[in-house]
2 protein chains.
Amino acid sequence: MSDRRQFRDLASPAAAREAVDSLDLSPEPERVPLDEARGRVLAERIDAELDVPGFDRASVDGYAVRASDTFGADEADPAVLDLIGTVHAGAEPDVEVRDGTCAEISTGAVLPPGADAVVMVERTDETDAGIAIRTSVAPGDRVMVAGADVAAGSRAFGPGTLITPREIGLLSALGVDTVPVRGTPTVGIVSTGDELVRPGGDLHSEAGQIYDVNSYTIAAGVEEAGGEAVLYPHAGDDYDEMERLLVEAADECDLVLSSGSTSASAVDVIYRVIESEGELLLHGVSVKPGKPMLVGRLEDSAYVGLPGYPVSALTIFRTFVAPAIREAAGLPEPRTATVEGRMAVRERYSEGRTRLMPVGLVEAGDGEADTLVYPVDKGSGATTSLVEADGIVEVDADTDYLAEGERVTVQLFSPDVRPPTLLGVGEDDPALSRLLDRLERPRYLDVGSRQGRRRLRDGVPDVAVVSGPTDRDVDAVDLGGWTREWGLVVPAGNPAGVDGLADLVDRDLRFVNRATDAGLRASLDAELDRLANRRATERRDLTAAIDGYELTVKGFESPARKVLDGAADAGLGLRATADTLDCGFVPVGTESVRVLANPDRTDKPGVTALERAVESALDGAVADLDGFEA
Amino acid sequence: MSDRRQFRDLASPAAAREAVDSLDLSPEPERVPLDEARGRVLAERIDAELDVPGFDRASVDGYAVRASDTFGADEADPAVLDLIGTVHAGAEPDVEVRDGTCAEISTGAVLPPGADAVVMVERTDETDAGIAIRTSVAPGDRVMVAGADVAAGSRAFGPGTLITPREIGLLSALGVDTVPVRGTPTVGIVSTGDELVRPGGDLHSEAGQIYDVNSYTIAAGVEEAGGEAVLYPHAGDDYDEMERLLVEAADECDLVLSSGSTSASAVDVIYRVIESEGELLLHGVSVKPGKPMLVGRLEDSAYVGLPGYPVSALTIFRTFVAPAIREAAGLPEPRTATVEGRMAVRERYSEGRTRLMPVGLVEAGDGEADTLVYPVDKGSGATTSLVEADGIVEVDADTDYLAEGERVTVQLFSPDVRPPTLLGVGEDDPALSRLLDRLERPRYLDVGSRQGRRRLRDGVPDVAVVSGPTDRDVDAVDLGGWTREWGLVVPAGNPAGVDGLADLVDRDLRFVNRATDAGLRASLDAELDRLANRRATERRDLTAAIDGYELTVKGFESPARKVLDGAADAGLGLRATADTLDCGFVPVGTESVRVLANPDRTDKPGVTALERAVESALDGAVADLDGFEA
């Protein structure tokens, strides 16, 4: 752990930006086929090499004439011309229009020699004497002359033009079929850490293995920023192997990112490789999170070391690396990169370094001014922060706090991120999961009923879903609810013959509980109070006798899964869960699950959609909500 | 042309939307690898199948302890514990922590059996007696328990979730390596018309051939909307071939779009194929442009016929088809699909059908409220409208006019379109082309000096670039300029021995002129006035004697190219052009090119950037501006 001193002299965020800017990660320009050019950026100016149209072109269906033959013609006194032939689009004219004659012509066809105007068919009649022209036209009428749209030699596009469908249109018109574009920066991603397993691989949790989150997350970020990501195999924490991989990545890519383990030994190894095979420009940045960021060069390639925790890695990537990739690709900052909002709560801060604070968004009204911003701080190690936060607010090192209502700019994690249509908090429940499936982009944080009530009281979420007894009510609009049967989930067939809560106290059974935030836990405790009352004792005397009462797990299925694993004889849970997991079930009681809405948001579309979903489920209109009971 | 009657009963835009909505173009869901899932949309809910983390995990580097061993410990009176081993991240613990002992542990490592908390290394010391723990910890401190981040069985994502890097992060954490996503609708594009040639092919302009603009443009639009475009070879106007291609496209795709020729015969053929092989739901929509839109079914596939002109085709695609493709792909409407602005000029309208008016955008200040919107109406046949317009404003059939300053919503042609940083209008000039290359995203409309002055007077553009004599000045800020030498461009070596303007009058030479909007033309006419004066006659007597004086072409290189083609003996042009095209040059005069800024916009970044570019070019700082003379 001797490398810990590396991070004592932290660089400012500005110095980190400067260090990244000093790296050259621009690839060579290249030529791509027109049909693959969308989203690319022109590397050079394109001048028109031909006239568009390339010939004098009829703008309407009608007759090609000499304008002088029509002078004075009108409805009452048409000019009658001899029809000498027809010119179709895509064919070379085989007639010449002389005085007193005309040729039928299609839109887009070449104006035949001798003609200098076109009369639209609506102003003509076919007569026995010839074509009656019922209007006068001037030379050039209904003709687009060669080069009128684009003249050969004129400037069509400047360098740096982003190619969207409309640019592809003009390039097509100019006959351009390969396009000179800025190259795509290639970004190698080397992940480190003995404990990482690629998604899809076999995971040995007992050996502390976890799935590698950063590699694919950062690769997706690289592609979103206009780069091409190259994933390298895991290096573990072995120096020689890591050196080989980093050097290979530097040979093949414009930029190398390392990411993965947070262990000091892995950081140590990377540090030594960069020092020996390249140059370290900066180690440690005065931001939270992301202190252990490295910037340097590795052979001829640029190098940035990202922190190990996913939210930290994505935050540092988004703040310092993505702009450099976009710059190298020639792409502009996305218009949707930021959102304005105001703080939903007061947030204190006083750590003396810039904070890149993960935040969530909730729409509290119609305008952008009504976007509320709340901090999401579950610890950087939580991957759920990735999807519970929408972006980051940069808080200066010398800011002590952000006031409630203060305006802030949120840098979205990616341009495609949008505020959820509904922010719900509270109890977890299998029927609720299915209800949420019927809403568009809801966000639901299963913080338990107690936290749910508290947060609703603070005014941030749209709804709280709560169950179980409570001491303290909350000012809210009840949107409806359902009941659920709870009890003890036991192995299939109930081999131990568990009969009820009293067995947990009186027999030698291993129990798994839920945490105190869960409504289910409150129902359990209320039931234990009743049992204690019947036995004329205190609840704590009973709970002290329950093996595992203090062993709490997070999700509504978690106790049942412990039972399935053989780690427990009984778990606190729902009948629906026991059914889903093919376990046995010992019923204890029923409790009501209520959906409570923030009184200011009952008209919000996401809230009314949830209300309708609850109603239609109660009506039995939806077959798949089979665990649903009114 | 008998099918013209098809379009008499035009459907309303709402009916057209309804008809398109009634088509089913949703493909089957599919599974894609996680690293290809960005930008896709989840087809179903994903619940966590495992706990994250999968084990009780150390959150810091430090020592795994039994919390009860640390009770009462502080800086002054540390608890000293025996070190019994080390647990690394990614390794299974091989020690058990008992009373009075501890194990060194890395961040991310498995908490060894017996331990219930971790003390961070900063609060410890290695001593001869053992590890000195200088703080008390509670059970669970610095430990993330199994499932604390995500509990197995909990709802991770709902159906319809757009997959961005952060979703890829949580999917990685859950070990998901293939993702169930909505299918990508495949869209076949069949272009029709004998005159169309794919970009890159040989173009026979004399036979009225033009490059196919719509196929690649619409294909790019399809991909932008989340579909997969399939281009079919050109069908020409042959019924059997077109039928074969349309049926093949219908067999292979969810949606077939036809596009291309505007000729009545091509429309006729398509109409008959759809009627015989499918069902026509709607023909003709009451919108301008785009009247000849078709909606129907072709075998089991959806079918939409787009108008032939590129701007019309892209407008109808964007308005009616792109939303259906996004819907089928499950993608939301892009947040950047529209921009608010106000009309820069009054625009009259009274055609009794909805108008999808192509407009350009210009930033007249800092806010969105300062975005000016001006109509771009060059006729639908002009492909340059594609890049000169940024989007469309939908004007109701019963709106008579849009007032200057009226607020309008612009539907951008594509979400990536942005207002240019500079809107310039006026003279075309080769030195100006190179200056513009140094600006970011400028838009320059070469409408000539006369129109340039007029538009600057109307207050729409940021700058006008003008040259040549004028009767009427404009209130503007002069940002600088340069002079250019003009005269007659002749074949290399000047084989006809052209000596000056008088030769055009006196000798039998074929001349090519510029249009009256060009500053160069005004300079020519002024010089002819002087010649007429010397000869005591009128200019019109001279011009009548010049063969080709009335033959005007569009671009600054166009007359010289006519000379190169052998179609003329002399053309009005610049010495710089003659040099570029290796022609001869007969000097006549010099004229000043001035860059004039809108007085209200001199601080606009694009304007100051242009001013700097002019200055640095005049300083001779830029080698490539060799045609540049102060």
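Scoring rules and cut-offs
- Residues numbered from 1 in each chain as written.
- Chains lettered and ligands numbered in written order.
- Predicted model: local features only at pLDDT ≥ 70, side-chain atom pairs only at ≥ 80, totals over all residues.
- Heavy atoms only, no water.
- UniProt positions renumbered as here; feature names shortened; annotations may be inferred.
- Least-squares fit on C-alpha atoms with pLDDT ≥ 70 in both.
- Contact = heavy atoms within 4.5 Å.
- Axes fitted to C-alpha atoms, helices over the stretch in contact; angles between N-to-C directions.
- Helix = DSSP H or I, 4+ residues; strand = E, 2+ residues; numbered from the N terminus.
- Parallel < 35°, antiparallel > 145°, perpendicular 65-115°, else oblique.
- Left-handed = near helix turned anticlockwise from the far one by under 90°.
- Nonpolar A, V, L, I, M, F, W, Y, C, P; charged D, E, K, R; others polar.
- Domains from an automatic or database assignment.
- Buried < 20%, exposed > 50% of the residue type's maximum accessible area, 1.4 Å probe, protein only.
- Polar contact = N/O pair within 3.5 Å; in protein donor to acceptor, adjacent residues only side chain to side chain.
- Pairing = 2+ DSSP bridges.
- Buried area = accessible area lost by both parts, 1.4 Å probe.
- Salt bridge = Lys/Arg side-chain N within 4 Å of Asp/Glu carboxyl O.
- pLDDT = per-residue confidence, 0-100.

The name an unreviewed UniProt entry gives chain A is Molybdopterin biosynthesis protein, with Haloplanus rallus as the organism. The annotation that UniProt attaches to chain A under Pathway (unreviewed entry) is "Cofactor biosynthesis; molybdopterin biosynthesis."

S.K.: Can you help me understand the relation of the copies chain A and chain B in this one?
M.R.: Aligned on chain B, chain A shows an RMSD of 0.1 Å; the corresponding rotation is 180° and the shift along the axis is 0.0 Å. As the rotation angle and translation indicate, the two copies are arranged about a two-fold axis. Using C-alpha coordinates, one finds that chain A approaches the rotation axis most closely at Thr336 of chain A, a distance of 3.6 Å. A shared interface surface links the copies, since 100% of the contact residues of chain A are contact residues in chain B too.

S.K.: Looking at this structure, how should I read the packing of helix H1 (residues 13–21) of chain B against helix H6 (residues 310–329) of chain B?
M.R.: The description of two packed helices rests on the angle between their axes and on the distance between the axes. Residues and elements named next belong to chain B. Where H1 contacts H6, the axes come no closer than 10 Å and their chain directions differ by 25°. Between H1 and H6, the angle falls in the class roughly parallel. The hand of the H1/H6 crossing is right-handed. On H6, the residues touching Pro13, Ala16, Arg17 and Val20 of H1 are Thr319, Phe320 and Ala324. Residue composition of the contact of H1 with H6, by class: five nonpolar, one polar and one charged.

S.K.: Can you walk me through the domain arrangement of chain A in this structure?
M.R.: Many authors give the size of an interface as the accessible area that is lost as the parts come together. Domains assigned within chain A are domain 1 (13–27 + 184–329), domain 2 (30–52 + 149–181), domain 3 (57–144), domain 4 (338–419) and domain 5 (424–629). Placing a centre on the C-alpha atoms of domain 3 of chain A and another on those of domain 5 of chain A gives a separation of 83 Å.

S.K.: It is not clear to me how the side chain of Gln209 of chain A should be interpreted in this structure. Could you clarify?
M.R.: Note on placement: Gln209 of chain A falls in the loop between strand S14 (196–197) and strand S15 (210–211). The class for Gln209 of chain A is buried, based on a relative accessible area of 16%. From its side chain, Gln209 of chain A meets the backbone nitrogen of His204 of chain A in a polar contact 2.8 Å long. If we skip the residues at most four places from it in the chain, Gln209 of chain A touches Glu195, Val197, Asp202, Leu203 and His204 of chain A together with Phe55 of chain B.

S.K.: Can you help me understand the sheet that holds strand S31 (residues 463–467) of chain B in this one?
M.R.: All names here are of chain B. Judged by pairing direction, the sheet is mixed, and its eight strands sit side by side in the order S30-S29-S31-S36-S32-S35-S33-S34 without closing on themselves. Both outer strands of the open sheet, strand S30 (442–445) and strand S34 (552–553), are each paired with one neighbouring strand and no more. As paired strands, S31 and strand S36 (residues 584–597) are joined by five bridges and run antiparallel to one another. Along S36, the bridge assignment pairs Val465 with Val595. Helix-sheet contacts for helix H15 (residues 605–618) involve strand S29 (422–426), S31, strand S32 (477–490) and S36, and the interaxial angle to S32 is about 55°.

S.K.: Where do I start with the packing of helix H3 (residues 214–224) of chain A against helix H6 (residues 310–329) of chain A in this structure?
M.R.: All names here are of chain A. It is at 10 Å that the axes of H3 and H6 come closest, and there the two elements cross at 25°. Taken together, the axes of H3 and H6 are roughly parallel relative to one another. Seen along the crossing, H3 lies across H6 with a hand that is right-handed. Contacts from Asn214, Thr217, Ile218, Gly221 and Val222 of H3 reach H6 at Pro310, Ala313, Leu314, Phe317 and Ile325. Partitioning the contact of H3 with H6 into residue classes produces seven nonpolar, three polar and no charged.

S.K.: Help me understand the environment of Gly221 of chain A in this model?
M.R.: Tracing the chain through its elements places Gly221 of chain A in helix H3. A sequence separation of 97 residues divides Gly221 of chain A from Arg318 of chain A, and the C-alpha atoms of the two residues are 7.8 Å apart. Contact partners of Gly221 of chain A, with chain neighbours within four places excluded, come to Phe317 of chain A together with Pro165 of chain B.

S.K.: How should I be thinking about the environment of Leu572 of chain A in this particular structure?
M.R.: All names here are of chain A. If you trace the backbone, Leu572 turns up in strand S35 (residues 570–574). Measuring from C-alpha to C-alpha, the distance between Leu572 and Ser136 comes to 92 Å, with 436 residues separating the pair along the chain. With residues near it in sequence (within four places) discarded, Leu572 still touches Trp486, Gly487, Phe511, Val512, Asn513, Arg514, Leu520, Arg521, Leu524 and Pro559.

S.K.: Explain the sheet that holds strand S8 (residues 124–127) of chain A here, please?
M.R.: Think of a sheet as strands paired side by side through backbone hydrogen bonds, with each pair either parallel or antiparallel. Residue and element names in this part refer to chain A. The sheet built from six strands is open, its strands ordered S7-S4-S6-S5-S9-S8 with mixed pairing. Strand pairing shows two members of the sheet lacking a second neighbour, strand S7 (117–120) and S8, which therefore form its edges. For this sheet, the mean angle separating the axes of adjacent strands, direction not counted, is 40°. Two strands pair when backbone bridges link them, and strand S4 (residues 62–65) and strand S6 (residues 101–105) are joined in this way by three bridges, in the antiparallel orientation. Counterpart to Gly62 in the pairing with S6 is Ile105.

S.K.: Would you mind showing me how to read the interface of chain A and chain B here?
M.R.: Facing the 110 residues of chain A at the interface are 111 residues of chain B. When chain A packs against chain B, the two sides together hide about 8800 Å² of surface, and 57% of this comes from carbon and sulfur. It is Arg166, Arg335 and Arg418 of chain A in chain A that bury the most area against chain B; as a group they hold 9% of the surface buried on that side. Note that Asp437 of chain A is salt-bridged to Arg45 of chain B, the shortest N-O span being 2.8 Å. Where chain A packs against chain B, one counts 27 residue pairs in polar contact (both at pLDDT 80 or more). Elements that contribute at least two residues to the side of chain A that touches chain B include exactly strand S11 (155–157), helix H2 (165–173), S15, H3, helix H7 (384–388), helix H8 (430–436), strand S30 (442–445) and helix H13 (558–564) of chain A. With eight residues, H2 of chain A is the largest single contributor of residues to the side of chain A that touches chain B. Partitioned by chemical class, the residues of the side of chain A that touches chain B number 49 nonpolar, 28 polar and 33 charged.

S.K.: Help me understand the environment of Val213 of chain A, please; the structure alone is not making it clear to me.
M.R.: Inspection of the secondary structure assignment puts Val213 of chain A in the loop between S15 and H3. By relative accessible area, Val213 of chain A is classed as buried at 7%. Sequence separation of Val213 of chain A and Ala313 of chain A is 100 residues, and the distance between their C-alpha atoms is 9.9 Å. Contacts of Val213 of chain A, omitting those with residues within four sequence positions, involve Pro310, Thr383 and Leu386 of chain A together with Gly169, Ser172 and Ala173 of chain B.

S.K.: Could you clarify how one ought to interpret the confidence of the model for chain A in this entry?
M.R.: Predicted coordinates in areas of low pLDDT are best not read in detail. Residue and element names in this part refer to chain A. Taken as a whole, chain A shows an average pLDDT of 90; of its residues, 95% reach a score of 70 or greater. In the model of chain A, helix H5 (residues 264–277) stands out as the element of lowest mean pLDDT, 79, in contrast to strand S1 (residues 30–33), which has the highest, 98. Confidence drops under a pLDDT of 50 for residues 1–7, and excluding neighbours within four residues, the segment shows 19 contacts in the predicted structure. Segment residues 621–627 is flagged for pLDDT under 50; beyond a separation of four residues in sequence, or across chains, it makes 11 contacts in the model. The ipTM value of the predicted complex is 0.90, and its pTM value is 0.90.

S.K.: Please clarify how helix H3 (residues 214–224) of chain B should be interpreted in this entry.
M.R.: Side chains that are three or four residues apart share a direction in an α-helix, a result of its 3.6 residues per turn. Within H3 of chain B, nine of the 11 residues are buried, leaving the element largely enclosed by the surrounding structure. Listing the buried residues of H3 of chain B in full gives Asn214, Ser215, Tyr216, Thr217, Ile218, Ala219, Ala220, Gly221 and Val222 of chain B.

S.K.: Just to check I follow, could you spell out unusual backbone geometry for this structure?
M.R.: Residues apart from glycine generally show negative phi values, whereas peptide bonds are mostly found in trans. Between Lys288 of chain A and the following residue, Pro289 of chain A, the backbone shows a cis peptide bond with an omega angle of 0°. With respect to the secondary-structure elements, Pro289 of chain A resides in the loop between strand S19 (287–288) and strand S20 (294–298). Each neighbour pair has its own omega, and for Val52 of chain B with Pro53 of chain B the value is -10°, a cis peptide bond. With respect to the helices, strands and loops of the structure, Pro53 of chain B is situated in the loop between strand S2 (46–47) and strand S3 (57–58). The backbone of Ala536 of chain A shows a phi angle near 55°, a positive value even though the residue is not glycine. Looking at the secondary structure, you find Ala536 of chain A in the loop between helix H11 (519–534) and helix H12 (539–544). Here Ala536 of chain A falls in the exposed class, since its relative accessible area comes to 72%.

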